[in-house]
Amino acid sequence: MYRETPHPIFLHDYQPPEFLIDRVDLAFELDPEQTMVTARLELRRNPAATRGDGTVCLHGEQLELEWIALDGHPLNPVDYRVERESLTVQRVPDRFVLETQVRIHPAHNTALEGLYQSGDMLCTQCEAEGFRRITYFLDRPDVMARYSATLIADKTRFPVLLSNGNRVASDDLDDGRHRVRWEDPFPKPSYLFALVAGDLRAVEDSFTTASGREVALQIFVEPHNLDKCDHAMRSLKKAMRWDEERFGREYDLDIFMIVAVSHFNMGAMENKGLNIFNDKFVLARPDTATDVDFDGIESVIAHEYFHNWTGNRITCRDWFQLSLKEGFTVYRDQEFTADVASRGVKRISDVRVLRSHQFTEDASPMAHPVRPDSYIEINNFYTATVYQKGAEVVRMQANLLGPEVFRRATDLYFARHDGQAVTTDDFVRCMEDASGRDLSQFRRWYEQAGTPELHIQTSYDEATRTCSLIVRQHTEPTPGQPVKAPFHLPLAIGLLGPDGRDLPLRLAGASSPDAPGTHVLELRQAVETFHFVDLPARPVPSLLRGFSAPVKLSFDCTDDDLLFLMAHDSDGFNRWDAAQTLMQRLLLNLVEDAEAGIPESFFDAFRRALRDEASDRALLAEVLTLPAESYLGEQMAVVDVDGIHRARTTLTRLIGERLRDDLLAVYRDNGESGPYAFTPEAVGRRALKNLALGYLMQAEDAEALARCQAQFAGAHNMTDVMAALRLLVDRGGLESRQALDEFYRRWSGESLVLDKWFSVQATSPREETLTQVIQLMRHPDFSLGHPNRVRSLVSAFCNLNQVRFHAADGAGYRFLADRVLELDPLNPLIASRLVKSLIRWRRFDPGRQALMRAEIARILEREDISKDVFEVASKALDAG
Ligand code: B3K
Ligand code: ZN
C-alpha cells in the first residue's frame, strides 16, 4: 500500500499566492549527466494575498541545492529549510531578489517531466508541474512573470539552443561551449517555460500577419527528418490565417518555433513561441504517414498554435480551470478542421470520440465535472471530460449565442482578460455580458459530472394536426454527486414530412411558422412538453441535429423510421446517426441470438448508398462503418465481449457476401489515381475503398485477397499500405507473416512507421495476439522508455482490442497490471494512463469483474506507487 495516503487538493481551498514574481532570469549549463540551473527571481508580496507569515515557500522536486542568496547575501542553513517537495525561506522582506543554484540530471529523468534527454537532444516539459523539477519556484499558473534564459552547452553536441521569445545574444566560450540568451517579453506562467538543445535542422518559412508584421516560422527536427515537415508547415500557416479571420487573433512575437521530439508523454505542448511536439504530430510524408496521421498533425499544430491566445496570453488561475484553455482550444481546433476540411465528417468523428471516450469516462469511477473540484495528481485530469466535453460546453454557448454574438463575446474575453490568469466562470461571464443572456443554469455543465440522458416521446394527433414531444432529462449519480439538477441545453430538431423534406415548424401559440429546417428548443426542466401545430401528417422526427448537446438520446422509433432518416434527413449528422442506431440494433440482436436474421431492407439501403454516385465519399464511409465493439459494449447492461465480436464479424461477412459486386465496383472506382493528395475528396475515396475491401476480406473473397496483396505491395501511400496490412494480419496465415516481415524490412529505420508495425499486431482480434504481444515486448526495437512505442504495443492492445484484452481467463488483465508495475517507477504518467483500462470493471460479468479487481488490488499493494497510479487505482475500487 502507498506508505502515506496522498492528500487531495480542493478547489474550495484556493488562495491567491502570497508572493508574486515579476522577473525570472535563468542560466543553464547544460549537460545530460548533470545540468546546473541558476535562477534569479524578483519577488514581491502579493497585495491580494489573504495570509502570510513572513516566510516564502517555493516548489521544488528532485533538485540538489548548491547555493542560495537573498538580496545578494548567501543564506545560512538556519535561514531556510529544504524538504522533499519544497524550499522555505524564513523572514523575508516584502520585496527581494532570491538567487539559487541547483543541480539536476536530465539523462536520468525517465518521467519526461522537467528537463530530460530524448535521443541526443535535451528538452523540457513543464505542464502541469514540471518546472519545479528545474528550479525552485512558485510553480502555479497564477504567478505570471517575464523570463530570460541563458543557455550554455557544448557547441558540437548542441549547436542549436532554444527557449521562449526572442534570441537576443549569443557568443562562443573558450572551452568549446557556446552561449545563447533568450528573452520573452510576455509574462507567462512557469508551465509555459521551455528549452531545447540539440543538433537540429530547421525548415523555415514566414508569415505576414493581418497587420503586416513578418513572423519567422521554424520547424526543428533531427537532420534525417527534414523531408517530413512540409505538411506541418502548411498546417501552421493555415492555422495562423484562420485564427485571424475567425477569431481576430494575431500572432504576437517575431518568431514561432516548433521542435519535434521522439520521447514525449503526450501529443504536444504550447510553450510560448516554442511549441514542443511529439514527432508523431509533426513528421509526415505520403509514404510514411496515413490520412489519419496527416489529419492529426493539422489539428494538433492548430491546437497548440491557438493556445497562444487561449492558454498563454490568457491562462488558468489554477488547474481546476484547465478546461478554460483546453475545452476552448479544442473547440477552436475542431472549428478550424471543420472549415478547412469537411464540417459534416468532422462533426461525426468528434462525436465518435466523445461517445467512446468521454461518455465512458462519465460512466466510470473517474467521472468528474468539466471543472473538477478535487484531484490528487493533476496529470490524471487531462481527460476527455476536460478536453472534449469542455469543447462541447463551449460549442453549446456558441450555438446559444449565435455566430455574431459569440464573436463579440470572445472579443470581449480577449480584451478583458489579456495577461491574466482566470477561471471558467470569467469566460461564461463574458458570454453573458456580450449577449445579455443569463447563463446561471448553464454553469451546471461545468459543475456536474455525468452524461445527461434525454428520453423523448413523440405523438401525432390527426384531429388537431399536432405533433407533441415530451422531453425528459435525467443524469445518473456520479462519485460524490448523488443528485443532479437539470441542465440548460439546446435541442435542435426537425420534422420530416412523408416526402422526406423538412416541414415548417410552428410551436403552439407562436404566430408564424419557422422556415422549414432546424428549430432549436432550449431545455431547462426535468420534463418539458412541446406542441408543433399545423402538420399535415405524422412526421418523422429528426432529434438532436448536429449533436446539439453532449447527451445520450433515446426515443421510440421503428427500424423503418431509421431507414427513412438515413435516406432523407437534411442533417448529415443525423443521417449517419440513424445508420449507426440501426446497425447497433441489428448487431445487438445478433449478440442475443446468433441466428437472428438481417432484414433485406438493410442490405437494400446499404446497396443504394454504395451506388449513390453523388454522395460525399468520406461521409458515406462514415455511414457504412459498423459501430466499434467497445461502443456496442457500452450499449449493453453487461458487456458480452465474445458475443459482440462474433456478431460484428458475422455482419461484416454478410455484407461482404451479399454486396460483393457493389463493393468490388466501389473498390475499383476509388483506386489510387495520381500522386497523394491530402484533400477531403481524396481522403474520402481512400476511406471508402478500404472499407469496401474490409467487407470483402471478411467474406474470404479470393479476388479480394489478391487485390489486398497487390495493394500492400504496390500502394504509394501509407494509408493504403496500412489498410491492406491490417486486413492481411487479421486474416492470419503465411500471407500475414510475409507482409509483416516485408514491412519490417522496409521501415525498421523509421521509428514512427515501426510503431504502426507494432500496433497492427497488437490490435488484431486473432486468438494468438496476446502471445504475440508478449513476444514483441522482447523485440530489440521495443523499449518501455519510449512512450510512443509503449502506446503502440501495450496501450493499443489494452484499449483497442476489446475481445483479446478482455479474454475470459484474465491473461490480458494480468499483462496490463504487470506493465503498470514495471512502468510506474520509470514514468508514472504513462503508467497511470494504462490503469484507466481497468477502471470500468463494473461493466463486465462477475468472472471478469473479479479478475479485474484483483489486478487493481495487486497494483495498490505495491509499496510506493506513484500518486498518479494511486489515484486512479484507488478510485476504481472505492467509488460507487
Ligand atoms: N497542454 C498540453 C498538455 C499538457 C499535459 C500535461 N500532462 C497539450 C495541449 O493540450 O495542448
Ligand atoms: Zn491543449
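Since the model is a prediction, treat every value here as computed from it, not as a measurement.

What counts, and where the lines are drawn
- Residues numbered from 1 in each chain as written.
- Chains lettered and ligands numbered in written order.
- Predicted model: local features only at pLDDT ≥ 70, side-chain atom pairs only at ≥ 80, totals over all residues.
- Heavy atoms only, no water.
- Pairing = 2+ DSSP bridges.
- Helix = DSSP H or I, 4+ residues; strand = E, 2+ residues; numbered from the N terminus.
- Axes fitted to C-alpha atoms, helices over the stretch in contact; angles between N-to-C directions.
- Domains from an automatic or database assignment.
- Contact = heavy atoms within 4.5 Å.
- Buried area = accessible area lost by both parts, 1.4 Å probe.
- Salt bridge = Lys/Arg side-chain N within 4 Å of Asp/Glu carboxyl O.
- Polar contact = N/O pair within 3.5 Å; in protein donor to acceptor, adjacent residues only side chain to side chain.
- Nonpolar A, V, L, I, M, F, W, Y, C, P; charged D, E, K, R; others polar.
- Expected span 1.5 Å × (residues − 1).
- Buried < 20%, exposed > 50% of the residue type's maximum accessible area, 1.4 Å probe, protein only.

**Quick word on the sheet that holds strand β28 (residues 519–523)**
For sheets, the rule is that strands pair by backbone hydrogen bonds, running either parallel or antiparallel. In spatial order, the strands read β28-β27-β30; together these three strands make up an open sheet with antiparallel pairing. Where the open sheet ends on each side, the last strands, each with one partner, are β28 and β30 (540–543). Between one strand and the next, the sheet's axes are offset by a mean angle of 35 degrees, whatever the strand orientation. Note: strand β27 (residues 489–496) against β28, five bridges, orientation antiparallel.

**A closer look at the domain arrangement of the protein chain**
Domain annotation of the protein chain identifies domain 1 (18–199), domain 2 (349–551) and domain 3 (556–700). One C-alpha centre belongs to domain 2, the other to domain 3, and the line joining them spans 28 Å. Domain 2 puts 23 residues into the contact, and the matching count from domain 3 is 17 residues. Taking both sides of the interface into account, the surface hidden between domain 2 and domain 3 amounts to around 1600 Å²; carbon and sulfur atoms contribute 49%. Of all residues in domain 2, Arg352, Arg355 and Val540 bury the most surface against domain 3, accounting for 35% of the area lost on that side. Between domain 2 and domain 3 we count four salt bridges in total. Measuring nitrogen to oxygen at the nearest pair gives 2.9 Å for the salt bridge that ties Arg355 to Asp577. The tally of links between domain 2 and domain 3 comes to 10 residue pairs in polar contact (both at pLDDT 80 or more). Elements that contribute at least two residues to the side of domain 2 that touches domain 3 include exactly α4 (343–362), β25 (453–461) and β30. Its residues assigned to classes, the side of domain 2 that touches domain 3 comprises nine nonpolar, eight polar and six charged.

**Notes on helix α6 (residues 403–417)**
Helix length check: α6 (15 residues) gives 21 Å between terminal C-alpha atoms against 21 Å at 1.5 Å per residue, within 8%. When α6 is considered as a whole, its buried residues turn out to be Val405, Phe406, Ala409, Thr410, Tyr413, Phe414 and His417. Contacts from the buried residues of α6 go to α1 (230–247), α3 (322–340), α5 (384–401), β24 (421–422) and α7 (424–435). Following α6 by one or two positions, Gly419 adopts a phi angle in the positive range, close to 85 degrees.

**What about the side chain of Ser299?**
With respect to the secondary-structure elements, Ser299 resides in helix α2 (residues 291–306). Excluding residues within four positions of it along the chain, Ser299 makes contact with Asp333 and Thr337.

**As for the side chain of Asn574**
Topologically, Asn574 is positioned in helix α10 (residues 572–592). Residue class for Asn574 comes out buried when judged on its relative accessible area of 7%. What Asn574 contacts, discounting residues up to four positions off in sequence, is Ser542, Leu543, Leu544, Arg545, Gly546 and Asp569.

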